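# Working through the structure, step by step
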Amino acid sequence: MDPLLTEFETFVRTRTPALLRSAYLLTGDQHLAEDLVQSALARTHRSWKRLHESGNAEAYTRKTMYHLQVSWWRRRRVGESMPGDLPDRSDSSSDSDAAHQTIMRLTLRNALAQLSAKQRAVLVLRFFEDRTEMEAAGLLGVTVGTVKSQTSKALAKLRTVAPELGELYVSEGSAR
């Protein structure tokens, strides 16, 4: 068997879970995330020999994901919405930490779904992947000003649609 093919298969097996996590945060949908990763890996495969030699396969794959996501923004899309609301959180001390974490996770997911794809992508790069504004702009092919404005708009919208997420920062900040 071709050693380059074997190395590509190993790369796919080991890096796909991390790529899927990032793709999910970019798209807000598990199926779209899988499509995004698959498309990016297909492009990575075409350039594998060059990427393998330089050692930049994952960086190339991630950048390809960001570029594909940007091109998908520009396409016409049908808006989708999440039906129903989350149940009110009980303030009783008998709530378990797991239940609270689940509620916060669902609240965050619902809030992120209300952002535009561009805003979600900027937040993923800036806060999930801890990229600088300049790095995020380069990966998305936009200006630093666009990254700043989209970050500001996204955070303002999150504060409006899910003010309870503010406690996430306070509780994590005090736990550190």
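Please read all numbers here as calculations on a predicted model, not as lab measurements. Within every chain, residues take consecutive numbers counted from 1 along the sequence as written. The predicted origin of the model limits local features to residues at a pLDDT of at least 70 and limits the giving and counting of side-chain atom pairs to 80 or more, whereas totals for whole chains, interfaces and linings rest on all residues. With hydrogens and water set aside, each side-chain value is computed from the structure's full complement of heavy atoms.

## Here's the deal with the overall build of the chain
Stated precisely, the cut-off is as follows: Under the scheme used here, helices are H or I runs from DSSP no shorter than 4 residues and strands are E runs no shorter than 2 residues, and both carry numbers assigned from the N terminus. Relative accessibility decides the category of a residue: with a 1.4 Å probe and only protein chains considered, values under 20% of the type maximum give buried, values over 50% give exposed, and everything between is partly exposed. Should any heavy atoms of two residues lie within 4.5 Å, those residues are considered in contact. The protein chains shown are the only cover counted for residues, whose accessible areas, like all others here, come from Shrake-Rupley with a 1.4 Å probe.
A tally of regular secondary structure across the chain gives nine helices and zero strands. Ordered by position from the N terminus, the helices and strands of the chain form the series α-α-α-α-α-α-α-α-α. A total of 176 residues make up the chain; the buried ones form 31% of that total. Restricting the contact set of the chain to residue pairs at least 6 apart, pairs at least 24 apart contribute 67%. Total accessible area computed for the chain in this model is approximately 11200 Å², and 53% of it derives from carbon and sulfur atoms.

## Brief notes about the packing of aromatic side chains
To keep it simple, the criterion reads: We call Phe, Tyr and Trp rings a pair once their centres come within 6.5 Å, taking the six-membered ring for Trp, and we label the pair stacked below 30 degrees between planes, edge-to-face above 60, and tilted otherwise.
In this structure the tally under the stated criterion is three aromatic pairs. With a centroid separation of 6.4 Å and an interplanar angle of 35 degrees, the aromatic rings of F8 and F11 are classed as tilted. Taken together, the residues span about one helical turn, with F8 and F11 both in helix 1 (residues 3-27) at a distance of three residues. The same class applies to F8 and to F11, which are both buried. Both rings, one in F11 and one in W48, keep their centres 5.3 Å apart while their planes meet at 40 degrees; by these two values the pair is tilted. Of this pair, F11 sits in helix 1 while W48 sits in helix 3 (residues 48-54); the two residues are 37 residues apart in sequence, bridging distant segments of the chain.

## Considerations on the environment of Q119
In this fold, Q119 is placed in helix 6 (residues 117-128). Separated by 34 residues in the primary sequence, Q119 and K153 place their C-alpha atoms 7.6 Å from one another.

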